[in-house]
Amino acid sequence: MIENIRELLKAHEGLKREVYLDVENSSMVPKEVVDAMLPYFNQRAYGNPTLTHKPGWEAFETIMESSEKIATSLGCKTLEEVNFTPGETEANNLALMGTAFSMKGKGKRIVISEIEPLSVLHVADLLSKYGFTIVKIPVDGEGFIDLEKLREAVDKETILVSLSAVNHEIGTIEPVKEALEIVKDRNPKTIFHTDASDAYGKIPFNVQDLNADLATISSYKILGPRGVGALYVKEGVNMERILEGQIGTQKLWPGVENTPLIVGFAKASELAFKNFGENVNNMRRLRDRLIDGIIGKIPDVRLNGPKGDKRAPDNVNISFLRCEGEALTIELSLNGVYVSSGSACTRRLLQPSHVLVAIGRKFVEAHGSILMKVTRYHTAEDIDYVLEVVPKAVERIRGIVGSMEVK
Amino acid sequence: MSRAPLPYNPKILELFRNPKNLGRMEDATVTAVAGNPSCGDMIIFYLKINDEDVIEKASFESYGCAANIATSSIVTEMVKGMKLEDAWKISWKSVIDAVGGLPSVKFHCGILAVGALKRAIRAYYKNRRLSPGWLPKEHTFEEKQALEEEELAEMLSKRMKMEEEK
């Protein structure tokens with residue numbers, strides 16, 4: 001198996017340029033962030049922050065400073081509202097299960113949308129096995145949640161509503177503020193959680209303005225290291241742990257704090273918010289250059305998600321008809337362009353991306369979808385290279401389909 | 001979306017990059033399709049068969065992943081010059097061996113390719129109203145699997161339509 005991987009890698013030798021656009025699934029960590037983290041592995045603050053010695057106290061100080069940076073950019077009232085977890089998946093698991101535990105006896109209904117990430121969707125499915133009723137709100141053709149259906153869904157029994165602020169696959173900027181107002185109007189006791197991993201650092205997002213109870217953010221989605229994220233828990237909101245063990249500085253997540261990763265997360269956050277407007281404008285320009293370029297150069301393509309200001313500034317998701325996505329990702333990789341697809345091809349279930357199916361895309365449209373996210377580190381030259389590679393790759397894969405009818 | 005790592009081997013990569021016997025064959029004696037684009041998996045075989053029931057030429061087109069392309073391509077290589085009776089004996093396992101192995105989540109690609117080949121052979125004899133003794137009346141494993149995948153696609157698209165109408 002490892003030999004095969006080595007051969008696959010060898011097939012990439014001699015690439016003239018490489019452009020990584022798969023930020024949805026993992027990201028390259030910028031040098032500034034790596035440099036900020038390095039001293040915390042072995043030079044300082046390598047102790048356990050709950051212990052009574054210098055390296056421990058240094059770690060405590062460092063974690064508090066990191067919390068403060070994130071709390072500021074998120075708009076928190078207190079540092080304690082930031083709870084570090086090992087990532088978005090864990091923060092979403094904590095939000096849903098922790099609420100289900102803490103609201104025991106107060107209701108059995110949980111409302112989410114059809115296009116939530118799997119770390120919400122699958123946890124909801126899990127809770128449904130333990131007596132909770134899960135209601136999934138549908139979305140329209142661009143991925144906007146149906147607010148009327150939301151109003152109907154929330155009742156006295158509803159303990160939690162979880163809706164993403166920005167959809168992770170198609171970049172739809174959801175009306176979470178309106179959604180939250182509807183939810184609280186129907187039931188002031190319902191906890192409102194938003195997975196803001198694709199909003200934080202990309203669109204203006206402030207937990208106090210929104211008045212959310214819980215919000216998830218992720219480090220790698222803002223180009224920090226993987227393995228760290230956070231759950232914002234508004235002061236006064238009860239939340240139970242879902243894992244038990246030694247509790248340190250993080251009251252909702254046991255185990256020894258990973259100080260270097262937390263430092264990297266805070267640094268990535270600082271960089272995302274330094275020149276925020278400029279960063280966002282740059283991403284938007286690159287995003288539109290990519291979208292317009294593909295639509296202009298390649299026939300039979302379809303943009304998934306909304307256009308313009310209602311789309312996250314980094315998100316590009318396009319379906320190439322008569323073109324299977326897995327084959328396309330490999331062809332693109334061999335040419336130095338790294339993306340992912342909503343194709344079912346790596347699953348035996350034969351069902352493609354649930355988000356694309358929920359916005360009404362046909363299976364063949366979902367199988368041919370490619371997801372790309374631009375960052376402030378990409379250049380116009382990177383995008384132009386992608387625009388040179390993608391049409392050729394699509395043409396070659398469509399050539400293999402040949403005269404077959406694909407509907 | 002759940003994902004399995006896909007360490008495709010060099011043979012598959014080569015067949016993906018430079019597929020052999022790719023393309024529509026205008027003078028094909030018989031063609032057969034298997035799979036369904038809704039499953040992201042469909043192939044067509046074109047066979048040119050001579051009077052001695054020997055496959056003179058074979059080609060394919062494919063809508064699918066790299067494994068689908070590679071297994072289809074290798075089947076067209078394997079059957080070239082074969083008598084139909086011998087081509088019928090090709091199993092999905094031998095196809096997977098011929099491409100140097102596949103990750104288990106991709107076994108269905110080899111199965112689908114053999115399913116399409118068997119359909120083509122059946123169609124050839126059906127068109128000629130012949131039924132050689134070696135050709136079983138019952139569907140083989142590969143043909144059943146192809147049917148199952150197509151029925152699943154049908155079911156899923158029906159379910160989607162119903163949900164749209166709701």
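Further up the page is the structure itself.
Given the structure is predicted, the values throughout are model-derived calculations rather than measurements.

(A) Representation of the packing of helix 2 (residues 66-79) of chain B against helix 5 (residues 107-127) of chain B. All names here are of chain B. Here helix 2 crosses helix 5 at 40°, and the two axes come no closer than 9 Å. Looking at the two axes, helix 2 sits oblique to helix 5. Considering how the two elements wind past one another, helix 2 and helix 5 form a crossing that is right-handed. Side by side, helix 2 and helix 5 meet where A67, N68, T71, S72, V75 and V79 of the first sit next to C109, G110, A113, V114 and L117 of the second. A class-by-class count of the residues in the contact of helix 2 with helix 5 yields seven nonpolar, four polar and no charged.

(B) Quick look at helix 5 of chain B. Residue and element names in this part refer to chain B. With 21 residues, helix 5 extends 30 Å from end C-alpha to end C-alpha; this agrees with the ideal 30 Å at 1.5 Å per step. By the criterion of burial, helix 5 is predominantly enclosed, with 15 of the 21 residues buried. Of the residues trailing helix 5, R129 is marked for its positive phi of about 50°.

(C) Layout of the sheet that holds strand 7 (residues 214-218) of chain A. Residue and element names in this part refer to chain A. The strand order 2-8-7-6-5-3-4 describes an open sheet built from seven strands, whose pairing is mixed. Two strands in the sheet have a free side with no partner beyond their single neighbour: strand 2 (82-85) and strand 4 (133-137). Between one strand axis and the next, the sheet turns through 20° on average, direction left out of account. By the bridge criterion, three bridges tie strand 5 (residues 158-162) to strand 6 (residues 191-195) in an arrangement that is parallel. Counted as the bridge partner of L160 is I191 from strand 6. Running at roughly 155° to strand 3 (residues 109-113), helix 6 (residues 118-128) makes contact with strand 3, strand 4, strand 5 and strand 6 of the sheet.

(D) Broad picture of the sheet that holds strand 1 (residues 30-36) of chain B. Residue and element names in this part refer to chain B. Spatially, 1-2-3 is the arrangement adopted by the three strands of the open sheet, whose pairing is antiparallel. With one partner strand each, in any of the chains shown, strand 1 and strand 3 (55-63) form the two edges of the open sheet. The average angle at which neighbouring strand axes cross in this sheet is 15°, direction not considered. Against the sheet, helix 2 makes contact with strand 2 (41-49) and strand 3, and its axis sits at roughly 175° relative to strand 3, the strand it touches most. Packed onto the sheet, helix 5 meets strand 1 and strand 2 and runs at close to 140° relative to strand 1.

(E) Representation of the nonpolar core within the structure. In terms of nonpolar packing, the biggest core is built from 82 residues, with A:L96, A:L214, A:A230, A:L231, A:Y232 and A:I262 touching the most fellow members. Not counting residues within four places of it along the chain, the set of residues in contact with A:L96 comprises A:V120, A:V123, A:A124, A:L127, A:L160 and A:S162. In terms of nonpolar packing, the next biggest core, distinct from the first, is built from 77 residues, A:A327, A:L328, B:L6 and B:L112 among them.

(F) Looking closely at the interface of chain B and chain A. With 32 residues of chain B at the contact, the number on the chain A side is 30 residues. Looking at the side of chain B that touches chain A, the elements that each hand over two or more residues are helix 1 (10-17), strand 2, strand 3, helix 2 and helix 6 (141-165) of chain B. Considering only residue class, the side of chain B that touches chain A consists of 21 nonpolar, eight polar and three charged.

(G) Structural view of the pairing of strand 3 of chain A. All names here are of chain A. Most of strand 3 sits out of view: four of its five residues are buried. The parallel pair strand 3 and strand 4, bridged by helix 6, forms a crossover whose chirality is right-handed. With four bridges joining them, strand 3 and strand 5 adopt parallel strand pairing. Bridge assignment links R109 to a residue of strand 5, and that residue is T158.

(H) Up close: the packing of helix 11 (residues 276-297) of chain A against helix 15 (residues 380-401) of chain A. All names here are of chain A. Between helix 11 and helix 15, whose axes approach to 10 Å, the crossing angle comes to 20°. Classified by the angle between their axes, helix 11 and helix 15 sit roughly parallel to one another. Seen from above, helix 11 lies across helix 15 with right-handed handedness. Touching L286, R289, L290, G293, I294 and K297 of helix 11 are A380, I383, V386, L387, V390 and P391, all from helix 15. Of the residues contributing to the contact of helix 11 with helix 15, the split by class is nine nonpolar, one polar and two charged.

What counts and what doesn't
- Residues numbered from 1 in each chain as written.
- Chains lettered and ligands numbered in written order.
- Predicted model: local features only at pLDDT ≥ 70, side-chain atom pairs only at ≥ 80, totals over all residues.
- Axes fitted to C-alpha atoms, helices over the stretch in contact; angles between N-to-C directions.
- Helix = DSSP H or I, 4+ residues; strand = E, 2+ residues; numbered from the N terminus.
- Parallel < 35°, antiparallel > 145°, perpendicular 65-115°, else oblique.
- Left-handed = near helix turned anticlockwise from the far one by under 90°.
- Contact = placed C-beta atoms within 7 Å.
- Nonpolar A, V, L, I, M, F, W, Y, C, P; charged D, E, K, R; others polar.
- Expected span 1.5 Å × (residues − 1).
- Buried ≥ 20, exposed ≤ 12 C-beta atoms within 10 Å, placed from the backbone.
- Pairing = 2+ DSSP bridges.
- Core = buried A, V, L, I, M, F, W, Y, C linked by C-beta atoms within 7 Å.
- Right-handed = clockwise from strand over helix to strand, strands pointing away.

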